[in-house]
Amino acid sequence: MKLGVITDGISRDFAHALSVMDEYGLEYAELQFLWDKEVGGLNTDERRKALELVKKHNKTVSCISRHVFAGMPMTTKAGDALHTKHMDGLKRCIDMAHEFDCKTVRIMSGKKEMILWGLNGAEQWNVAKGAWDALPPLIAPAVELAKAEGVTLVVETGNGTMINSCWTGRKLIDDLDAKNTLKILWDPANNCWAHETAWPDGYETMKGGYLGHVHIKDVFADTPKATLEVRPMLEGQLADQFQPMADAMRADGYDGVISYESVYHPGNGDFEAGFRQCIKTFMEIYG
């Protein structure tokens, strides 16, 4: 399997992040924030500088990862001002993907409504009526753009987003009949908030061509206390699931990229220190 990292988890100083990747022999760089800007916001000179650094360090860009559609309420309509703003950001990311010879672009899925379906009374009293039905029309233009541009979109299973599990990710893809263009960016730590067990439940849901990209980190999610703690690998809720996940992906021939998402720090705000503490464990399990 192909191992990499989301570079700003090491540092937003892109040259430094790539140098740290060199230390560990990591080839696949996922780009999210470079210097003081999010991808899709870099100007021509900044993109040129970034591409020169990618080539200098002999890296492959695995994914262009902007927070497209993040925070967008389900009252948004396709083509309105907010949706158009996000689509414009996506277009810039696809242009950047072409420049960097990258075939994968990340999107998010709007602001989460908690209960989307219900039975035996819940459908009357508890469901956010119309929230799910509002989502596919917002994502459909992005799918059509990606199809025309020859890139794959990956929708992240994100905290606070409509797609916060493999199950909802697969349903969105099926509802859009977009399996060849839209895939799941599996972040099993994020799925802990939705109480979806990574393996076997989440993984089995994605079998048959739904998995497109992977983020790995470890967490402890306390939903009743509305608290999320990022932990070192093997010290959180996924400790007993990382190895079975890796074994299953290996056995099934997954040949995509797995990015370590370095969002842990040891209490002092030093994310590079958190990266160095965890990266060898990540590489031992998934390498």
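See the structure shown above.
I will try to describe carefully the structure that is included in this document. Computed from a prediction, not measured in an experiment: that's the story for all the values here.

## Side note on the overall build of the protein
Then step 1. When its secondary structure is counted, the protein shows ten helices and twelve strands.
Then step 2. What you see for the protein is a C-alpha radius of gyration of 18 Å, in line with the 19 Å of a compact globule of 287 residues.
Then step 3. With respect to the principal axes defined by its C-alpha atoms, the protein has extents near 55 × 40 × 40 Å.
Then step 4. For the protein, buried positions account for 53% of its 287 residues.

## Focus on the packing of helix 8 (residues 198–205) against helix 9 (residues 242–251)
In a pair of packed helices, the angle between the axes and the distance between the axes together describe the arrangement.
Then step 1. Where helix 8 contacts helix 9, the axes come no closer than 9 Å and their chain directions differ by 35°. Taken as a pair, helix 8 and helix 9 cross one another with a handedness that is right-handed. For the pair helix 8 and helix 9, the contacting residues are A198, W199 and Y203 in the first and P244, M245, A248 and M249 in the second.

## Brief notes about helix 10 (residues 271–286)
Then step 1. Helix length check: helix 10 (16 residues) gives 21 Å between terminal C-alpha atoms against 22 Å at 1.5 Å per residue, within 8%.
Then step 2. Along helix 10, the sharpest kink reaches roughly 40°, centred on C278.
Then step 3. The set of residues buried in helix 10 consists of E272, G274, F275, C278, I279, F282, I285 and Y286.
Then step 4. Against strand 1 (2–6), helix 1 (14–24), strand 9 (211–216), helix 9 and strand 12 (257–260) lie the buried residues of helix 10.
Then step 5. The residue sitting at the N-terminus of helix 10 and contributing the capping side-chain oxygen is D270; that oxygen lies 3.2 Å from the backbone nitrogen of E272.

## Thoughts on unusual backbone geometry
Then step 1. In this structure, the amide linkage connecting W199 to the following residue, P200, adopts the cis form with an omega of 10°.
Then step 2. Counting through the fold element by element, P200 comes out in helix 8.
Then step 3. If you check the backbone angles, F69 has positive phi at about 75° while not being a glycine.
Then step 4. The topology assignment puts F69 in the loop between strand 5 (60–65) and helix 3 (81–99).
Then step 5. Judged by its relative accessible area of 0%, F69 falls in the buried class.

## Regarding the sheet that holds strand 2 (residues 28–31)
Then step 1. Strand order in the closed barrel formed by eight strands is 1-2-5-6-7-8-9-12, and the pairing between neighbours is parallel. Here the average twist between neighbouring strands, direction ignored, is 30°.

## Some thoughts on the packing of aromatic side chains
Then step 1. Applying the stated criterion to the full structure yields nine aromatic pairs.
Then step 2. Geometrically, the ring pair formed by W117 and W132 is tilted, given 5.1 Å between the ring centres and 50° between the ring planes. Separated by 15 residues along the polypeptide, W117 in the loop between strand 6 (104–107) and helix 4 (122–125) and W132 in helix 5 (residues 131–149) bring together distant segments of the chain.
Then step 3. Using a relative accessible area of 5% as the deciding quantity, one classes W132 as buried.
Then step 4. Here R12 stacks its cationic end above the ring of F33, 4.1 Å away from the centre of that ring.

## Points about the side chain of D187
Then step 1. Its location among the elements puts D187 in the loop between strand 8 (182–186) and helix 7 (188–191).
Then step 2. Setting aside residues no more than four positions away along its own chain, D187 makes contact with E156, T157, H215, K217 and E261.

## So, the pattern of salt bridges
Then step 1. If you walk through the whole model with that rule in mind, you get 17 salt bridges.
Then step 2. Residue E46 is joined to K37 by a salt bridge in which the shortest nitrogen-to-oxygen separation is 3.0 Å.
Then step 3. On the basis of relative accessible area, K37 is assigned to the partly exposed category, the value being 26%.
Then step 4. Connected through salt bridges with shared partners, the residues E23, E272 and R276 form a single ionic network.

## Comments concerning the nonpolar core
Then step 1. Formed by 88 residues in total, the largest nonpolar core has its most connected members in L31, I64, L90, L182, W186, I216 and Y286.
Then step 2. Once residues lying within four places of it in the same chain are set aside, the contact partners of L31 are T7, F14, V39, V61, C63, I64, S65, M96 and F100.

## Some thoughts on helix 6 (residues 166–176)
Then step 1. Those residues of helix 6 lying buried are C166, T168, G169, L172, I173 and L176. All buried residues of helix 6 fall inside an arc of 165° around its axis, so they share one side.
Then step 2. In this structure, the buried residues of helix 6 make contact with helix 5, strand 8, helix 7 and helix 8.
Then step 3. Trailing helix 6 by a residue or two, D177 shows a phi angle of about 50°, which is positive.

Conventions and cut-offs
- Residues numbered from 1 in each chain as written.
- Predicted model: local features only at pLDDT ≥ 70, side-chain atom pairs only at ≥ 80, totals over all residues.
- Heavy atoms only, no water.
- Helix = DSSP H or I, 4+ residues; strand = E, 2+ residues; numbered from the N terminus.
- Rg over C-alpha atoms; globule rule 2.2 N^0.38 Å.
- Buried < 20%, exposed > 50% of the residue type's maximum accessible area, 1.4 Å probe, protein only.
- Axes fitted to C-alpha atoms, helices over the stretch in contact; angles between N-to-C directions.
- Left-handed = near helix turned anticlockwise from the far one by under 90°.
- Contact = heavy atoms within 4.5 Å.
- Expected span 1.5 Å × (residues − 1).
- Bend = angle between axes of the 7 residues up to and from the residue.
- Polar contact = N/O pair within 3.5 Å; in protein donor to acceptor, adjacent residues only side chain to side chain.
- Pairing = 2+ DSSP bridges.
- Phe/Tyr/Trp six-rings, centres within 6.5 Å; stacked < 30°, edge-to-face > 60°.
- Lys NZ or Arg CZ within 6 Å of the ring centre and 35° of its normal.
- Salt bridge = Lys/Arg side-chain N within 4 Å of Asp/Glu carboxyl O.
- Core = buried A, V, L, I, M, F, W, Y, C linked by side-chain atoms within 4.5 Å.
- Arc of directions from axis to C-beta.

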